[in-house]
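A closer look at the structure
Spelled out from the first residue to the last, the chains are:
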Amino acid sequence: MDKYIKREIKPFNEFWINCESTMLHSLLITLDEKYRVMAYTNNYVYEVLHFPTPSRKWINEVRVKPEIMDIFHVVLKNRREVRWNDYDKAVCEIKDFLRQGKIVMAGVDLFYWIPMNMCYHKHHADHYAIINGFDEDKDIFFVMDTDNVKYQEFEMPVENVMEAIAHCDLHYDALVYDLCTKEEIEPYMFDKKELIWRAKRIYKSLRPLSRKYFWLMEEDDYRKGFYRDMCVMYILQINCRMKANRLLIEYLIEKEMIVELAPLQEDCHRIERRWTAIKNKVSKAYFAESSVTEMVNLGEQMMTQFEEERKMWKAFVKLYDKRR
């Protein structure tokens, strides 16, 4: 029986939307680098959430919501849902799955997971992460996840992995799949009707955002650093999605010769650059003399950004729809 198994997975690090997207796109480019372009698809909308701060003020938060279930079906098949009551038995089952060549996605609490991740011993957050191998001599699992720098492989003691699984509150302890082969995946081409349909959904979700302030709290909340890591992370998510939008437009112009979209290139660059600036300023705003005033100013810039993106997608639909 094999005492060492490891599947080599090529990390997708061109940008970060969320951990699930990164995991799926890593599997895709591991199969074939040509599937990198699937990460550029405009398969997202915005969602607004509300939650209280320690000062008991309810605030708005905005997130990019990627719609990636179709990618699951492209790259993975034969889903199996697993729950464990005996975690010693679970170690053996995980190793057996890996010996069979399965993709094992374990539900983990990030509080106990990767030491280099911003949630480690600070925030409880659950998600599925790939266990891609083990070494019995070292008593470790190989796992794939994102630290504060990039998506990559880590070596984790088996005991630590099982602790993170045991504290996770997701519905299943693990999801197990077969990885599709290159021959099973149809060559990917962007579909005009789908891109236009998605663009319309995006600008509808953007419409109310140009009239809301986000992450606007009380001075005491900022002084105590409440939610700073998460706030910056969700703005980074928007910033990265803007990079993906730019790459989509560039790909359509350069690779598919859709020159009608050329006027949008600078729009995408400008929106992306401004979100980068906002992200950096929000991180510093927590330490400003008047954090509330600074966040009001940044909130107004965010509103402008959302309106600019809405105009960009409306222009995209108009220009792309003209093409025969």
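The following refers to the structure shown. Keep in mind it's a predicted model, so treat the numbers as computed, not measured. (Residues numbered from 1 in each chain as written. Predicted model: local features only at pLDDT ≥ 70, side-chain atom pairs only at ≥ 80, totals over all residues. Heavy atoms only, no water.)

As for empty space enclosed by the protein
Inspection of every chain in the model, using the stated rule, returns one cavity of 30 Å³ or more. Roughly 60 Å³ of internal volume is contained in the largest cavity. As for the largest cavity, its lining consists of Phe15, Ile17, Ser21, His25, Ala39, Asn43, Tyr44, Pro66, Ile68 and Arg241. (1 Å grid on protein atoms, 1.4 Å probe; cavity = no way out; pocket = protein on both sides within 12 Å on 5 of 7 lines; lining within 4 Å. Points joined across faces, edges and corners; volume = space filled by probe spheres on them.)

Focus: the pattern of salt bridges
Following the criterion strictly, the structure yields 26 salt bridges and no others. One salt bridge connects lysine 122 with aspartate 229, and the closest N-O pair in it is separated by 2.6 Å. On the criterion of sequence distance, the pair formed by lysine 122 in the loop between β5 (103-109) and β6 (126-135) and aspartate 229 in helix α7 (residues 228-254) is long-range, its members being 107 residues apart. Since its relative accessible area comes to 52%, lysine 122 is described here as exposed. Two residues, glutamate 250 and arginine 246, come together in a salt bridge whose shortest N-O distance is 3.4 Å. Placement of both glutamate 250 and arginine 246 in helix α7 is noted, with a separation of four residues, approximately one turn of the helix. Both residues of the pair, glutamate 250 and arginine 246, belong to the buried class. (Salt bridge = Lys/Arg side-chain N within 4 Å of Asp/Glu carboxyl O. Helix = DSSP H or I, 4+ residues; strand = E, 2+ residues; numbered from the N terminus. Buried < 20%, exposed > 50% of the residue type's maximum accessible area, 1.4 Å probe, protein only.)

So, α7
Between the first and last C-alpha of α7 there are 39 Å, a value that for 27 residues agrees with the 39 Å anticipated at 1.5 Å per step. Of all 27 residues making up α7, 22 are buried, and the element is well covered by its neighbours. (Expected span 1.5 Å × (residues − 1).)

A word on helix α5 (residues 192-206)
Under the 1.5 Å per step criterion, the end-to-end length of α5 is 21 Å for 15 residues, consistent within 8% with the ideal 21 Å. If you check which residues of α5 are buried, you get Leu195, Ile196, Arg198, Ala199, Ile202, Tyr203, Ser205 and Leu206. The secondary structure elements touched by the buried residues of α5 are β2 (44-52), α2 (69-75), α7 and α9 (291-322). Capping the start of α5 is the job of one residue whose side-chain oxygen sits 3.3 Å from the backbone nitrogen of lysine 193: aspartate 191. (Contact = heavy atoms within 4.5 Å. Polar contact = N/O pair within 3.5 Å; in protein donor to acceptor, adjacent residues only side chain to side chain.)

Side note on the packing of α7 against α9
As a packed pair, α7 and α9 sit with axes 13 Å apart at the nearest point and diverge in direction by 20°. With respect to each other, α7 and α9 are oriented roughly parallel. Considering the relative orientation of α7 and α9, their crossing is left-handed. In this structure, α7 contributes Ile235, Ile238, Met242, Asn245, Leu248, Ile249 and Leu252 to the contact, and α9 contributes Met302, Phe306, Glu309, Met312, Trp313, Phe316 and Tyr320. Across the contact of α7 with α9, the residue classes tally to twelve nonpolar, one polar and one charged. (Axes fitted to C-alpha atoms, helices over the stretch in contact; angles between N-to-C directions. Parallel < 35°, antiparallel > 145°, perpendicular 65-115°, else oblique. Left-handed = near helix turned anticlockwise from the far one by under 90°. Nonpolar A, V, L, I, M, F, W, Y, C, P; charged D, E, K, R; others polar.)

Regarding the nonpolar core
Counting residues in each nonpolar core, the largest one holds 96 residues, and the members touching the most others are Tyr46, Trp113, Phe141, Trp215, Phe306, Trp313 and Phe316. Considering each element in turn, this core owes the most residues, 16 residues, to α7. Beyond its immediate sequence surroundings of up to four residues, phenylalanine 306 is in contact with Tyr46, Val62, Leu206, Leu209, Phe214, Ile238 and Trp275. By size, the runner-up hydrophobic cluster in this structure holds 25 residues, among which are Met23, Leu28, Tyr172 and Leu175. (Core = buried A, V, L, I, M, F, W, Y, C linked by side-chain atoms within 4.5 Å.)

Details of the packing of aromatic side chains
Overall, the coordinates contain 17 aromatic pairs when judged by the stated rule. Seen from their ring centres, tyrosine 44 and tyrosine 46 are 5.8 Å apart, and the 80° between their planes marks the pair as edge-to-face. Taken individually, tyrosine 44 and tyrosine 46 each receive the classification buried, so the pair is uniform in this respect. Within the aromatic cluster, the residues linked to one another by ring pairs are Tyr44, Tyr46, Phe214, Trp215, Trp275 and Phe306. Cation over ring: lysine 192 sits above tyrosine 320, and NZ or CZ is 5.9 Å from the ring centre. Positioned over the ring face of tyrosine 203 is lysine 314, at 5.7 Å from the centre of the ring. (Phe/Tyr/Trp six-rings, centres within 6.5 Å; stacked < 30°, edge-to-face > 60°. Lys NZ or Arg CZ within 6 Å of the ring centre and 35° of its normal.)

Thoughts on the side chain of arginine 241
The topology assignment puts arginine 241 in helix α7. Salt bridges are absent for the buried arginine 241, whose nearest opposite-charge side chain, glutamate 309, sits at 6.6 Å. Apart from residues lying up to four places away in sequence, arginine 241 is in contact with Ile17, Ala39, Tyr40, Thr41, Asn42, Asn43, Tyr44 and Val64. (Lys, Arg positive; Asp, Glu negative; His and termini not counted.)

A closer look at the environment of arginine 274
Following the sequence through the fold, arginine 274 ends up in helix α8 (residues 264-285). Distance in space between the C-alpha atoms of arginine 274 and glycine 225 is 24 Å, their sequence separation being 49 residues.

Here's the deal with the side chain of threonine 53
Relative to the elements of secondary structure, threonine 53 occurs in the loop between β2 and β3 (58-66). Once residues lying within four places of it in the same chain are set aside, the contact partners of threonine 53 are Ile59, Met217, Asp221 and Phe226.

Things to note about the pairing of β2
Inspection of the sheet shows β2 paired to β3 by nine bridges, in the antiparallel sense. Bridge pairing in β3 links phenylalanine 51 to isoleucine 59. Adjacent in sequence and paired antiparallel, β2 and β3 are bridged by five residues, among which arginine 56 carries a positive phi angle near 70°. (Pairing = 2+ DSSP bridges.)

Comments concerning the packing of α8 against α9
Running from amino to carboxyl end, α8 crosses α9 at an angle of 160°, the nearest separation of the two axes being 10 Å. Taken together, the axes of α8 and α9 are roughly antiparallel relative to one another. In the packing of α8 onto α9, the handedness of the crossing is left-handed. In terms of residue class, the contact of α8 with α9 is built from 15 nonpolar, three polar and seven charged.

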